[in-house]
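Here is how the chains run, residue by residue.
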Amino acid sequence: MNRRITALLALCALLAAPLTSRAESRALLVGVGHYQYPGIDLPAIDLDLERMRDALNRLGFDNRQIHVLQDEQATSAAVVREFGSWLREGVRPDDHVVFYFSGHGSNVPDLDGDEEDGVDEVLVTNDMRRATVRGRASLAGVVTDDQIASLLAK
């Protein structure tokens, strides 16, 4: 009888192990349909975010594991802050992390010389505005590919 109980307990421990050591899942969804800059609004960004949330739910993400920044909330500073804190802090190698952006993309002059084509690709966030950087026409209020690469490297 003791062998059966011991075997049953061992089996329960094996079955429970994957549940207790399960990978964490986190997602940051960013959607910008309404911009501070006039004339560049995009329709149906809310539907993009809703469908992405639905897809993540089907993949096992719980709504508490999904953070959303939309429109006025989706400034360049907020996206970088949320990416660097919520999405990255405490994440382990086996965890599942999703970053999703729905909105405009663009490019700006490469200022650090790391791009062969001379431009950095950017996500255009709600607070985008025209700017002059080192005497060149550019954009401010954007998230550059260099910023995303730096966040991912951490």
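For the structure itself, consult the block above.
Quick caveat, the model's predicted, so the values are computed rather than measured.

1. Concerning the packing of helix α3 (residues 76–87) against helix α4 (residues 145–153)
In helix packing, the relevant descriptors are the interaxial angle and the interaxial distance, both defined with respect to the helix axes.
Alright, step 1. Remark: α3 packs on α4, axes separated minimally by 10 Å, with the N-to-C direction vectors making an angle of 15 degrees. Our classification of the angle between α3 and α4 gives roughly parallel. For α3 against α4, the interelement crossing comes out right-handed. For the pair α3 and α4, contact is made by Val-80, Phe-83 and Gly-84 and by Gln-147, Leu-151 and Leu-152, respectively.
Alright, step 2. For the contact of α3 with α4, a count of residues per class yields 4 nonpolar, 2 polar and no charged.

2. Describing the side chain of Ser-76
Alright, step 1. Here Ser-76 shows up in helix α3.
Alright, step 2. Ignoring anything within four residues of it in the chain, the contact list for Ser-76 reads Thr-125, Asp-127, Gly-141, Val-142 and Val-143.

3. Overview of the sheet that holds strand β1 (residues 25–31)
Alright, step 1. As summarised here, the arrangement of the 3 strands in space is β2-β1-β3, forming an open sheet in which the pairing is parallel. A single partner strand is all that each edge strand has here, and the edge strands are β2 (66–70) and β3 (96–102). Averaged over neighbouring strand pairs, the angle between their axes works out to 10 degrees when direction is ignored.
Alright, step 2. Looking at chain direction, β1 and β3 are connected through 7 bridges and run parallel.

4. Looking at the sheet that holds strand β4 (residues 105–109)
Alright, step 1. Taken together, the 3 strands give an open sheet; going across it, the order is β4-β5-β6, and neighbouring strands pair in antiparallel fashion. In this open sheet, the two strands that pair with only one neighbour each are β4 and β6 (136–144). Averaged over all pairs of adjacent strands, the angle between strand axes in this sheet comes to 85 degrees, irrespective of strand direction.
Alright, step 2. Of the strand pairs in this sheet, β4 and strand β5 (residues 119–133) are connected by 5 bridges, and their pairing is antiparallel. Each residue of the ladder has a partner; that of Val-108, found in β5, is Asp-120.
Alright, step 3. Along the sheet, α3 contacts β5 and β6; its crossing angle with β6, the most-contacted strand, is approximately 40 degrees.
Alright, step 4. Sitting on the sheet, α4 touches β5 and β6, and the angle it makes with β6 is about 30 degrees.

About the cut-offs
Residues numbered from 1 in each chain as written. Predicted model: local features only at pLDDT ≥ 70, side-chain atom pairs only at ≥ 80, totals over all residues. Heavy atoms only, no water. Axes fitted to C-alpha atoms, helices over the stretch in contact; angles between N-to-C directions. Helix = DSSP H or I, 4+ residues; strand = E, 2+ residues; numbered from the N terminus. Parallel < 35°, antiparallel > 145°, perpendicular 65-115°, else oblique. Left-handed = near helix turned anticlockwise from the far one by under 90°. Contact = heavy atoms within 4.5 Å. Nonpolar A, V, L, I, M, F, W, Y, C, P; charged D, E, K, R; others polar. Pairing = 2+ DSSP bridges.

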